[in-house]
Amino acid sequence: MNRIVGWGVRAALVAGLLTAAVAPVMAQGSAAISGVVKDATGAVLPGVTVEASSDALIEKTRSVASDGAGQYKIVALPPGMYTVSFSLSGFSTVKREGVALTTGFTAAVNADLRVGGVEETVSVTGAAPIVDVQNINRQVVMTRDVVETLPSGRSYAEVATLVPGVQYYNGGSTSTASTGSGGAVGVDAFASLAAHGGRAGDTYVELNGLILNVFSGQQSRSFMNLQDGNVQEYAMEFSANSAETETGGVRINMIPKEGGNRYVGSLFATVSGGSLQSSNFTDALRARGVRTPDSIKSLWTVNPSFGGPLAKDKVWFYAGYSRMVNERYKANAYFNSDIAAWQPVSDLSRRATSGELTHDASLRVTWQVSEKNKLSLLYVYNRLCQCPFGTGLFNGTIYTPEAASMSPRSGSVPQVNWTAPYTSRFLIEVAGAATRQSKGYDYYVTPKAPSIREATTGTAYRAPIYFNTGFYKDVNWTPQVKGSVSYVTGTHALKVGASYRMGWNSQTPVVYDNTTFNTVNYRPVSVTYYSTPFTTKADMRQAALFAQDQWTIRRMTLNLGLRYDAYQQGYPDMHLEPVQYVPVARDFPGATLVSWSDLSPRAGVAFDLFGNGKTAVKASVSRYVIQQGLLQNPVRSNVSMTRVWTDPNGDFIVQGDPLNPAANGELGVSQNRLFGTPVLANRYDPDYAIGFGNRSYNWESSASVQHQLASGVALNVGYFRRWYGNFEVTDNLAIGAADFDPYCVTTPSDARLPNGGAQQICGLYDLKPAKVGQINNIITSSAKYGTQTEHWDGVDVAVQTRLTKGLMLQGGVSTGKTTSDNCEVVANLDNPSPLYCKQATPMLTQVKLGASVTLPWQIEASGTFQSFNGPALTAAATFTNAQVAPSLGRNLSSGATATVNLVQPGTRYGDQVTQVDLRIARNIVIGRARIKAMFDMYNAGNINTPLQLNSAYGTNGSSWLVPTSLSYPRLVKFSAQLNF
């Protein structure tokens, strides 16, 4: 706790100095307008008053004056439609209307003033700017119009699936999770996104610019399923992120509605179900081992929202509530008719389901306290039950219902944001939040016997497995504060800021009977013992300082940023009482695990090629750190012990003493001699864990051209490269390369395997028996053992139009490949196996398109097209001791079997996923009210492409590549949207 307080004091002092110096702009969902003012001869005009007016501004108008170069810039503008006026004594006033601003966009609005009376106003017409000639970041903003026009599930993850280059992962799976299916695939509570070779764990989910990620797992997720009705737009940033952002991953910022000077509201309702779904189940799927496909049981949402003035021009509010229900049947998943049996028997009359039941409520109040001070308060409460959670394929294992769980979750997000434009050049915003999220797990089916995982099918049954869908409580509290100082002129926008975020996490797992078994062909091969229940705690501190300067020199804009990150993670003192297999109390003194600091430069240039704001050439290079989740903890690190157990007498009862780590009875030697001890099994190398520049990082470079093809239509072509450094490795100092013996295996003869199988795979190693169970792990940098590389190269071609004149098109193509090599490193680590140490994927291409057109009689037709590679293929084959021993020259030391992947990772993928979703809508206008009735058809072609495949080859490949998740069959949804 003292560590946290100390950091908190330092961060508070830094933030206080920054905010007291002048004033910050921390643009939570803000945009900008900039340009040059000239007279009729082309000479620049300083001192021109430029005003931006919009209903989106509670103060109605924001104004600045052009500088000596005739340039001006108005920043921190909320998204919306603006009118920009230019006035100077002796000249006619010029007014430009219909300037559309979205989050992160800088609109170039120039003006030419002619001599005339100030009472004379000249209105200039023209399409709103669509090319950003100043900002270098690659982002896509899904506005309210786009979200309400295209068929989608109206969640940030499904909206993101429409962005070229963005890949959607769910539940930690490395397989394709969704093409966007109208919400049929479930909620976003564990959705992660990746783009341009980035890590899914680097995803940041933000609400009004403040982070929602929990401090557990990879940190890349939230436990909440948030409504769409109170969101004005979704801003997605995934390249050349500014110095305000820690990582280079996909950053989703949900911008909530503020309300306004008139009462407005909306009501969205949608319904679908099994009776509105086709069947895409075919004989070909039956031949592949699929017994039943994925399908919908129940799917509906009701989402009213309403806002307006509490006091005109003074206090606004906007509130929303949503009730969301999603229940679905899982492919090839059934209840087990005897949950105590060693071999499951599927009850084909009882299909397994997964489901989410959500309540979400929010309220935002915006108060113009004075001319220079605006206060915004936001509160969100979310209650979600994933009931049940974890049936079917999850993280490479297929779970039967009794191995799944009931998972109630809750979250609360209080936020405050203070903005004060002291002058036209100095502005301030300080924001803070205290997010609390928790999830619990309880048994879905009360177990009667310990869990079993069968290697030949990759199936878990009888009871939940530890720290996956097992019974435990996970609580996260992550308060944060951020602020910045900005100085803005026509040519400069300099911002210096600070942020501070803390995290506390506690988890309490329980394993049924503290025992799990592994079997091959339903015969035991090992038993694992656990030391639950226990409570593990962790704490985290993140502090950052950043500076970002945007400097415009004629047609060129330099974007120069520098970010300093300081990160600490550790744990407090902890005490554990005796438990079943650890009959003594244990105490763990608190410690700091890592204390890293990094300096990350960000630099880029944007050039207005022809000076007309229609073509921009951009280039950037940026350094980012890798987001950290929960690290090692002594309470968590010695909680399990695996023993060889083959049940030689066939009675399915373990004979032996689990408390004796030596081989005894039917039990082999313990593979973890530190089990139940208050020792950190995986300690950090001080040279790596403490210091400057030691944290894992990645660099990203880009070069692109953005060009306006026609009014409201822009094309963006870009090349991107990302490369990683400071890879983390674990070295067991108790053993070395000489403590392993090599062996080979012969792959089965199988036409589905590379070269038809029946070939030797060598470069495999088994630990010598005398070294089994000896653990003294140190976590350090791979650079100590050799050179390790990973990089991604690719190209995006994207088109974007504004929803004007009844036409809209957006989307494009993204293609790229990943290459990695850690051969030098593995050669010097414990297990020196070089197998698959060098990998290179083929060029993986995505196509994402969305379009709409307005037809006569206010009929609107829209659709989306998505095409991308299927899941990566692996083959986890199980080889028995009898198969390995002839090559090894002895029996396996650490088990009765060995698992070997028979497919080079990154070389083979499932079938290309290509899906079309369609919508027909009818708009009805009654006074101020607009009603849209929608008929949606998802997966219009009724494809049945596998989205996930069983990777367990087992002993004979009978379950390998059996689809465990398919594209959902053609689904019809009826929806209605009322806006007033």
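Every value quoted in this text rests on a predicted model; they were computed, and no experiment measured them.

Draft legend 1. Representation of the overall build of the chain in the model. For the chain, the count of helices and strands is eight helices and 60 strands. Taking 2.2 N^0.38 as the reference for a compact globule, 980 residues should give roughly 30 Å; the C-alpha atoms of the chain span a radius of gyration of 30 Å, in line with that estimate. Dimensions along the principal axes, computed over C-alpha positions, put the chain at roughly 105 × 60 × 50 Å. Going through the 980 residues of the chain one by one, you find that 59% of them count as buried. In the chain, the proportion of contacts linking residues at least 24 apart, taken out of those at least 6 apart, comes to 74%. Carbon together with sulfur atoms contributes 58% to the accessible area of the chain, which is approximately 35400 Å² in total. Taken together, the 79 basic and 68 acidic charged side chains of the chain have centroids lying 4 Å from each other.

Draft legend 2. Representation of a nonpolar patch on the surface. A surface patch of nonpolar side chains, amounting to about 450 Å² of accessible area, comprises Leu545, Leu562, Tyr564, Leu599 and Phe692. Along the polypeptide, Leu562 turns up in strand 34 (residues 556-571).

Draft legend 3. Representation of the pairing of strand 16 (residues 251-256) within the structure. Burial of strand 16 is extensive: six of the six residues sit out of reach of the surface. Burial of strand 16 is two-sided: the residues Arg251, Asn253 and Ile255 facing one way and the residues Ile252, Met254 and Pro256 facing the other way are all buried. Where strand 13 (residues 204-207) lies against strand 16, four bridges are found, and the strand directions are parallel. Among the inter-strand pairings, Leu207 is bridged to a residue of strand 16, identified as Met254. As paired strands, strand 15 (residues 231-239) and strand 16 are joined by six bridges and run antiparallel to one another. From the neighbouring strand, Ala235 faces strand 16, where its bridge partner is Asn253.

Draft legend 4. Molecular detail of the sheet that holds strand 22 (residues 392-394). The strand order across the open sheet formed by seven strands is 22-23-28-27-31-32-39, and the pairing between neighbours is mixed. Looking at which strands have only one partner, the edges of the open sheet turn out to be strand 22 and strand 39 (640-644). Geometrically, the sheet is characterised by an average inter-axis angle of 25 degrees between neighbouring strands, direction not taken into account. Here strand 27 (residues 451-454) runs beside strand 28 (residues 459-461); their pairing, made up of three bridges, is antiparallel.

Draft legend 5. Region of interest: unusual backbone geometry. Of note, the amide linkage connecting Cys387 to Pro388 takes the cis form, showing an omega dihedral of -5 degrees. Its place among the elements puts Pro388 in strand 21 (residues 373-389). Within the chain, His196 stands out as a residue other than glycine whose phi angle is a positive 55 degrees. Relative to the elements of secondary structure, His196 occurs in the loop between strand 12 (191-195) and strand 13.

Draft legend 6. Representation of the pairing of strand 38 (residues 615-625) within the structure. Most of strand 38 sits inside the fold, with eight of its 11 residues counted as buried. In terms of strand pairing, strand 37 (residues 591-608) meets strand 38 through seven bridges, oriented antiparallel. Note on strand 38: the bridge partner recorded for Asp608 is Ala616. If you look at the hairpin formed by strand 37 and strand 38, you'll find six residues sitting between the two strands, and Gly611 has a positive phi there, around 75 degrees. Pairing of strand 38 with strand 42 (residues 697-710), which is carried by 11 bridges, proceeds in the antiparallel orientation. Bridging from a neighbouring strand, Thr615 pairs with His707 of strand 42.

The rules we used
- Residues numbered from 1 in each chain as written.
- Predicted model: local features only at pLDDT ≥ 70, side-chain atom pairs only at ≥ 80, totals over all residues.
- Heavy atoms only, no water.
- Helix = DSSP H or I, 4+ residues; strand = E, 2+ residues; numbered from the N terminus.
- Rg over C-alpha atoms; globule rule 2.2 N^0.38 Å.
- Buried < 20%, exposed > 50% of the residue type's maximum accessible area, 1.4 Å probe, protein only.
- Contact = heavy atoms within 4.5 Å.
- Areas by Shrake-Rupley, 256 points an atom, 1.4 Å probe, with all protein chains shown as cover.
- Lys, Arg positive; Asp, Glu negative; His and termini not counted.
- Charge placed at Lys NZ, Arg CZ, Asp CG, Glu CD.
- Patch = residues over 30% accessible without salt bridge, like charges linked within 9 Å, V, L, I, M, F, W, Y side chains within 5 Å.
- Salt bridge = Lys/Arg side-chain N within 4 Å of Asp/Glu carboxyl O.
- Pairing = 2+ DSSP bridges.
- Axes fitted to C-alpha atoms, helices over the stretch in contact; angles between N-to-C directions.

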